[in-house]
Structures are given as C-alpha cells and as structure tokens.
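One letter stands for each residue in the lines below.
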Amino acid sequence: MAPDASGGSAYSSSSASKSSRPYSQTPETTANLEWAELVNLKLSKFDQPGGKEELAQQLKYAVHNVGFFYVSDFGLSQEEVDFQFKIGQEFFELPMEEKVKYAADHKNHSYNGYNGPAVFEGGSQIDNPRHNIESYNIPKFTPDFPPKESHPTLIQNHWEMIESFARTIHTNVIERLLVIFALVLELEDEDFFKKQHAYEPKGEGHMRYMLYRARDAKINEAAKDLYSTGHTDLGSLTLLFRQPVAGLQVLGNDGKYRWVKAVPGTITVNIADTLSLISGHYLKSSIHRVAIPPPDQRHLDRYGVLFFIRPNNQEPVAVVKNSRLLERNGVYENLEERQPPLTVGEWVVARQKHIFKEGYKLSTSGEGKDGSERAELEAEVAGVKVKYWE
Ligand SMILES: O=C(O)CCC(=O)C(=O)O
Ligand SMILES: [Fe+2]
C-alpha cells in the first residue's frame, strides 16, 4: 500500500473474517456541545518549499498551550481507515475465551495483546459493570516482537495490511510531526526526535484497537458520567482515529473540560509525558478524559484505532540539548540532570507496572472502597511525579 493508494476493492475482497458486514461510521451528534478549538495541520504541505517551517509556525501555540491538534492529508483513504475499525470491531466480537488467550502479560510488564476487565488484576474486576473498556495492542512490526502467528486468526488474516497501515502512519505522520517539533524548538538537528523514534530499533510504541461498551444509565451515574478519568498519556504522542461518537474531552488552562470533535478526514493528536519531559516541559502533555457520549449517542459502542508513540528503549529521558527556544526560555539554567539518565525503556516499564498495580483506580470514578469519588492521585514513578485527575 503506497502512502497515497486509494485502496480500491482490496479491502472487501481480502477480508477473510467471518463477518462480511462493512464497517459504517455513525452519524454525528446533534447535541450542542462546547468544542475545543484546535488547529489542523495539512501534512501534504510538509514537502513543499517552506512547508514544514509553515507547519511549525502553525503549531507553535498549540504545542505549548493546548497539547491537542489535528492532522489531515496523511496519505490514507477513509476506506483504509474504516477497514481498521472493522478489524477492531470484529476482534471485540470474538468470544471472551478466545480473546483472553491473547491476554497481555502484565506480570512481565507487557501491554501488548488483549486488555480488559478479564485481564486486569487477574480478572477480579470482571463483574464490575463500570469497567467497559477493552483493547488489543499490537507492537511494532519488527523482529523484537512475537510474529504474526502469535496473534488471533482474525489479525493474522489482515497482518500485512495492518503492518502497512502502521508503517504508513510512522512515515507520513510520526516522522513529519517529530521534525515539525524540532523546528518549533529550534534544534540544531531537525531529525533529532525522528532518530529517537526510528522504526527498527526496539521500542514500546504500539497501535491499539479500542472499545468502550455502552453502559446503562445507573452505571454511568455511579461512574460520574465518565468512561475514563483525567490523565496524561505516558509516551511521546498519541494518535487517535475516531468515530464521530463524542466522548473525548481536553482540560483547558482555564480549568474547564471541552469536547474534542472527531473531524472527518483527520487524526486527533495529543502530546504525552515523554515528549514533555524531553522538552523540559515546553511541549504540553495534555490532560484529557473520556466522558459518556451525549444522549443521542449514548447507546453506541464506541470504537477507536489509536497509536501510542514512544521513543526507542535505549534513548534517555533527558532534556534535549541545543534548543535555541529552550535556551531563550531559561530551561537550561537550573537544569538538574539525572546521572545516569533514566532510559525510555525503564520509564515505560515503571509506568506500566504502576498502571497494572493500581488498575482501575487510575481510570475509573467511584473506585474508593465505599464507591466514593476518588480524589486526584499523585505518585512518584521512577523518580518522576505523575498525576491523575477526575
Ligand atoms: O478514546 C479516546 O478518545 C481517548 C483514549 C485515551 O485517552 C487513552 O486511551 O489514553
Ligand atoms: Fe489518553
């Protein structure tokens, strides 16, 4: 699949899965919601003369103050994107006995494979109806990770297409965004972040099929009308392909959550903790959460296709050197460098251990012993302060 391939009929004819039902996007909500105003970067501009500099200019405010934006013109057709939603939908329709065969190995701190109530905390959370999130994570398509044959037949049947999708995202979106960030920070080497995220070396970035099952009204109320509470993501960037089912909200600097619209033809992007740390907190790791959808969409299961991007494991979690912007902002003046630096691999494992240990307490309202609302949570993970919000 070339980045600009339109896809054509390959998608229906190569589907070897049980269901021939095509994936169809749902209608947009008619609810009057307060939407966040986010910029959209047309990535097709990147290779035009002066294009990447123009994109960096366009992104300057958002990366420091908002942490969320959209990208469009990334060289994948809607049909190709919808096909990924279809794979995700069919995966979650598999019987639970089948899905748990591919459970992520939390004991060994791995997130890859199937995650859901039956996997977290040894299944002790399975009967709590608040827990409505399932995911299937696929790591990079490199020899460091288990081969095609280790995945469910459904995934195997579409393996090459999934790999091609993931690699196209890497080349067309991730690498370009990382150069744009380097330009924003005025780095000496505009490929610095891109090299830290090279596709072949070992790293824990992954793609994810995700599902939030619709819940009934009483359970929504018990969970404070949230599917997941406020958090920052741990990697460098998160990319979200979305159905037009509203739910995602971003916390503004005014302390107010606003809805993030699923704009057709775009990917929603948010900056996460690792890029924030590497940029001396200049790049903003956005605080976001998922609310229950508005009334006209509340009965819908909500699917997502996401990419959680991380630098490679051997890279240091250390503030980038030679940034003229950080220099002007005084970031280097009182910088205390950790020796030896924490590596991204150590950081990711520590964060994942923390997530697996704390489980739903980190992401679900009303997880206190008495079902009460939990307060903001703070913890120190690998010597770094992490925080969770309502
Ligand atoms: O489903 C969404 O819209 C957001 C998901 C999210 O924030 C996450 O999985 O970290
Ligand atoms: Fe998130």
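Analysis parameters
- Residues numbered from 1 in each chain as written.
- Chains lettered and ligands numbered in written order.
- Predicted model: local features only at pLDDT ≥ 70, side-chain atom pairs only at ≥ 80, totals over all residues.
- UniProt positions renumbered as here; feature names shortened; annotations may be inferred.
- Pairing = 2+ DSSP bridges.
- Helix = DSSP H or I, 4+ residues; strand = E, 2+ residues; numbered from the N terminus.
- Axes fitted to C-alpha atoms, helices over the stretch in contact; angles between N-to-C directions.
- Contact = placed C-beta atoms within 7 Å.
- Expected span 1.5 Å × (residues − 1).
- Buried ≥ 20, exposed ≤ 12 C-beta atoms within 10 Å, placed from the backbone.
- Near = placed C-beta within 6 Å.
- Nonpolar A, V, L, I, M, F, W, Y, C, P; charged D, E, K, R; others polar.
- Parallel < 35°, antiparallel > 145°, perpendicular 65-115°, else oblique.
- Core = buried A, V, L, I, M, F, W, Y, C linked by C-beta atoms within 7 Å.
- Bend = angle between axes of the 7 residues up to and from the residue.

As annotated in an unreviewed UniProt entry, the protein is Putative UPF0676 protein from Naematelia encephala. Looking at the Sequence similarities (unreviewed entry) heading of the UniProt record, one finds this comment for the protein: "Belongs to the iron/ascorbate-dependent oxidoreductase family."

**Q** I tried to follow the sheet that holds strand 3 (residues 113–115) on my own but got confused; where do I start?
**A** Backbone-to-backbone hydrogen bonds pair the strands of a sheet. The strands run either parallel or antiparallel. Overall, mixed pairing links the eight strands, which are arranged 1-2-10-7-12-5-4-3 in an open sheet. The open sheet terminates on both sides in strands that have one partner only, identified here as strand 1 (40–42) and strand 3. Across the sheet, the mean angle from the axis of one strand to that of its neighbour is 25 degrees, orientation sign disregarded. Here strand 1 pairs with strand 2 (residues 68–72) via three bridges, running parallel. Its bridge partner being in strand 2, K42 is matched across the sheet by S72. Strands in contact with helix 3 (residues 78–92) are strand 4 (133–139), strand 5 (206–212), strand 7 (237–242) and strand 12 (302–309); relative to strand 12, the strand with the most contacts, it is inclined by about 110 degrees.

**Q** How should I be thinking about helix 3 in this particular structure?
**A** Every α-helix winds through 3.6 residues per turn, so residues three or four apart in the chain are directed the same way. Its 15 residues give helix 3 an end-to-end C-alpha distance of 21 Å, which sits within 8% of 21 Å, the value for a rise of 1.5 Å per residue. Here helix 3 has its buried residues at V81, F83, Q84, K86, I87, G88, E90 and F91.

**Q** Looking at this structure, I do not really get the site of ligand 1. What am I missing?
**A** The environment of ligand 1 is formed by M210, D233, L240, G247, L248, H288, V290 and G304. For the shell around ligand 1, the residue count by class is four nonpolar, three polar and one charged.

**Q** Would you mind showing me how to read the packing of helix 2 (residues 51–65) against helix 6 (residues 159–184) here?
**A** To characterise two packed helices, one gives the angle between the axes of the helices and the distance between these axes. Where helix 2 contacts helix 6, the axes come no closer than 8 Å and their chain directions differ by 75 degrees. Here helix 2 lies roughly perpendicular to helix 6, going by the angle between them. Seen from helix 2, the contacting residues are K52, E53, L55, A56, L59, K60 and V63; seen from helix 6, they are V179, I180, F181, L183 and V184. Its residues placed into classes, the contact of helix 2 with helix 6 shows nine nonpolar, no polar and three charged.

**Q** In this structure, what is going on with the nonpolar core? I would like to understand it.
**A** Nonpolar side chains tend toward joint burial in soluble globular proteins. L59, V173, F181, L239 and I267 are the most contacted members of the largest nonpolar core, which has 78 residues in total. Here the element with the most residues in this core is helix 6; it accounts for 13 residues. The residues contacting L59, other than those within four sequence positions of it, are V39, L41, F69, I180 and V184.

**Q** I keep staring at helix 6 and nothing clicks. Help me out?
**A** Taking 1.5 Å as the rise per residue, helix 6 with 26 residues should run 38 Å; its terminal C-alpha atoms sit 36 Å apart, in good agreement. Within helix 6, the axis deviates most sharply at H170, by approximately 35 degrees. Positive phi shows up at E186, right after helix 6, with a value of about 55 degrees.

**Q** I tried to follow unusual backbone geometry on my own but got confused; where do I start?
**A** What is expected of a backbone is that most residues other than glycine have negative phi and most peptide bonds are trans. Cis geometry is found at the peptide bond from Q339 to P340, where omega equals -10 degrees. Of note, E186 is a non-glycine position whose phi angle comes to about 55 degrees, a positive value. Positionally, E186 belongs in the loop between helix 6 and helix 7 (192–196). Taking the number of C-beta atoms within 10 Å as the measure of exposure, E186 has 15 and is therefore partly exposed.

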